[in-house]
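Below, each chain spelled out in residue letters.
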Amino acid sequence: MSEFFGHLIDGREVESVDGRRFDSMNPYTQQTWAQAAWGGQADVDAALDAARRAFDSGPWPHMDPQERQKVLRRFSEAMMDHAHDLARLDTMDMGKPTPQALVDVERSAWNIRFFADHQVMATGEAYPMGSGHHAYSLYQPAGVVVAIAPWNFPLMMESWKVAPALAWGNTVVLKPSEFTPASAVLFAKLALEAGIPAGVFNVVQGYGETGALLTADPRVDRITFTGESTTGKAIQAAASKNLVPVSLELGGKGANIVFDDADLDNATDWAVQAIFRNAGQVCLAGSRLFLQRGIYDQFLATFQAKAEALRIGDPMAPGVDFGPLSSDVHYAKVSGFVNSVEAEGGRILTGGLGEGLFVKPTIIVDLPLTASQYCKEIFGPVVVVNAFDTEDEVVHLANDTQYGLNAMVFTENLSRAHRVSARLRAGTVWVNCFFIRDLRAPFGGVGASGIGREGGNFSREFFTEPKAVVMQITRDSGGGRP
Ligand code: NAD
């Protein structure tokens, strides 16, 4: 008997109004393990109406920030209490090894906790005008937020959007990916249990068509989206019809640059994480690896050995580092890139296709810079390696892409680290590490990698309407009289 995951609307888990459902496949067993409600216009209407009501006449937007902090902290704690349940759902839906799913839960709970605290600690601005007047800023909730999430870090991406939206007093309608409907339902139920009022946090399940209904709707005040760049363009077009602000976190083709003077043990460890963690299904993946000529052979040999040592298998089994790709649909895309490596002039040093929906950790060399594997986002465990000689050359290579989400630089030379970081066209640059986040820092991408930044005050900018209040202190000060 498969499990069922409904919509969560106005505090209740419900079927679709027309009863439609879709299947979710476990990519390891390739069997349907769950069904989810399939949202249509009636379900979208119900969720948006609930969110609108909760915003217009519920307590949440006007709640004392410290009270909201208490509720959100309880929510975060409840997530940690249910960490294994939440992790299991993501592993079943998309094949992420359970230890990695557990790290995602921890980071998701931290997202909730961080923004709960941030909205209490954040300060506004005051502008003494010296003219008998005084201005200050107010950050007020924007309204109904639609959050649309991808499948690669289901809970983590959802919480990254839901946390600041709720913390700043908005109400939310979340649409999880059709490939990962499960964890969002428990996530939203835990919010209710923690005391978030019904209607404040709703979930509507469904495919892209359901997302399109949400993003085209005039009842919406903000749209926050993470997913493919092409989908981002469609969402921006839909949002522009209603003049709704969008935050778009899109695809990537991260450059991982290793200079001759790098700590090679550290750099090879991170390079493995950067492309093979989550089976490479990471927007921030270091999918283009640039090695300075002097360490090319030595680095590649160690990197290959570490890649081949990854334990591949059942993502539920203990000790497994590397699971299958998330779905048959995604496997078809990634395997297409792998199958055409030789035809495009490259060579697979190690890896290739495995059993079932597995693509082994794959390292490609000798590939022309015009090849699709080098230019396009593969979103799998596939890295293209190239040599370089000079700093100028590698900065040019790294920046020569439509994407600009992130880059990594490995060097022990402090001046070079700062110099190259400043020259890279990317929303985030990691020096001698990868994937470490400070939630106060801006997060987002350049070019086809997105529009806008989230994190700390950047999230506040997006999820609130900043207002200026100008007050007269005295009528007698000259300037500014009517
Ligand atoms: P996707 O764009 O196919 O789908 C993402 C979500 O959008 C899903 O919920 C989907 O149902 C919905 N959707 C699809 N069409 C829609 C439409 N027309 N209107 C509204 N919603 C629609 O992306 P995906 O395959 O789920 O995720 C992988 C992509 O996400 C990769 O490109 C990856 O780089 C990117 N990603 C980016 C970040 C980041 O922070 N920049 C993080 C994770 C993933």
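These notes cover the structure that comes with them.

What counts and what doesn't
Along every chain, residues carry numbers that run from 1 in the direction the sequence is written. Whole-chain, interface and lining totals are the exception, using all residues; otherwise, since this is a predicted model, local features are given only for residues with pLDDT of at least 70 and side-chain atom pairs are given and counted only at 80 or more. The side-chain quantities take in all heavy atoms of the structure and omit both hydrogens and water. Two joining distances apply to patches: 9 Å for like charges and 5 Å for nonpolar side chains (Val, Leu, Ile, Met, Phe, Trp, Tyr), and every residue must have over 30% relative accessible area and no salt bridge. The method behind every accessible area is Shrake-Rupley, applied with a 1.4 Å probe, and residues are considered shielded solely by the protein chains displayed. Any Lys or Arg side-chain nitrogen found within 4 Å of a carboxyl oxygen on Asp or Glu counts as a salt bridge. Secondary structure is summarised from DSSP: a helix means a run of H or I of at least four residues, a strand means a run of E of at least two, and numbering begins at the N terminus for each. For every residue, the accessible area (1.4 Å probe, protein chains only) is compared with the maximum for its type, and the residue is labelled buried under 20%, exposed over 50%, or partly exposed between those bounds. Here a residue is considered near a molecule or strand provided that any single heavy atom belonging to it is located within 4 Å of it. Here a polar contact means two N or O atoms within 3.5 Å. Within protein one must be a hydrogen donor candidate and the other an acceptor candidate, and residues neighboring in sequence count only if both atoms are side-chain atoms. Expected span, for any helix, means 1.5 Å times one less than how many residues it has. The axes are straight lines fitted to the C-alpha atoms, using for helices just the contacting stretch, and the angles between their N-to-C directions are given from 0 to 180°. Less than a right angle of anticlockwise turn of the near helix away from the far helix marks a crossing as left-handed, whereas a clockwise turn marks it as right-handed. Pairs of residues are marked as contacts when any of their non-hydrogen atoms sit within 4.5 Å. Residue classes follow a fixed rule: Ala, Val, Leu, Ile, Met, Phe, Trp, Tyr, Cys and Pro count as nonpolar, while Asp, Glu, Lys and Arg count as charged, and any other residue, Gly among them, counts as polar.

**Here we look at a nonpolar patch on the surface**
Thought 1: Where nonpolar side chains cluster on the molecular surface, the patch consists of Tyr127, Met129 and Val470 and spans about 300 Å² of accessible area.
Thought 2: Within the secondary structure, Val470 is located in strand E21 (residues 464-472).
Thought 3: According to the relative accessible area criterion, Val470 is exposed, its value standing at 52%.

**Here we look at the site of the ligand**
Thought 1: Around the ligand, the surrounding shell holds 29 residues, and the nearest of these are Ala149, Glu178, Thr231, Leu250 and Glu377.
Thought 2: A distance of 3.0 Å separates an oxygen atom of the ligand from a polar side-chain atom of Trp151.
Thought 3: Glu377 has a polar side-chain atom sitting 2.6 Å from an oxygen atom of the ligand.
Thought 4: Expressed as a share of its isolated accessible area of 850 Å², the protein-covered part of the ligand is 89%.
Thought 5: Broken down by secondary-structure element, the contributors of at least two residues to the shell around the ligand are helix H7 (208-215), strand E11 (222-226) and helix H8 (229-241).

**A look at helix H5 (residues 154-167)**
Thought 1: Under the 1.5 Å per step criterion, the end-to-end length of H5 is 20 Å for 14 residues, consistent within 8% with the ideal 20 Å.
Thought 2: For H5, a buried count of 14 out of 14 residues is recorded, marking the element as mostly surrounded by other parts of the structure.
Thought 3: Looking one or two residues beyond H5, the residue adopting positive phi is Gly169, at roughly 90 degrees.

**Quick notes on the packing of helix H13 (residues 391-399) against helix H14 (residues 414-423)**
Thought 1: It is at 10 Å that the axes of H13 and H14 come closest, and there the two elements cross at 35 degrees. Like other packed secondary-structure pairs, H13 and H14 cross with a definite hand, here right-handed. Contacts from Glu391, Asp392, Val395 and Asn399 in H13 reach Arg416, Arg419, Val420 and Arg423 in H14.
Thought 2: Its residues placed into classes, the contact of H13 with H14 shows two nonpolar, one polar and five charged.

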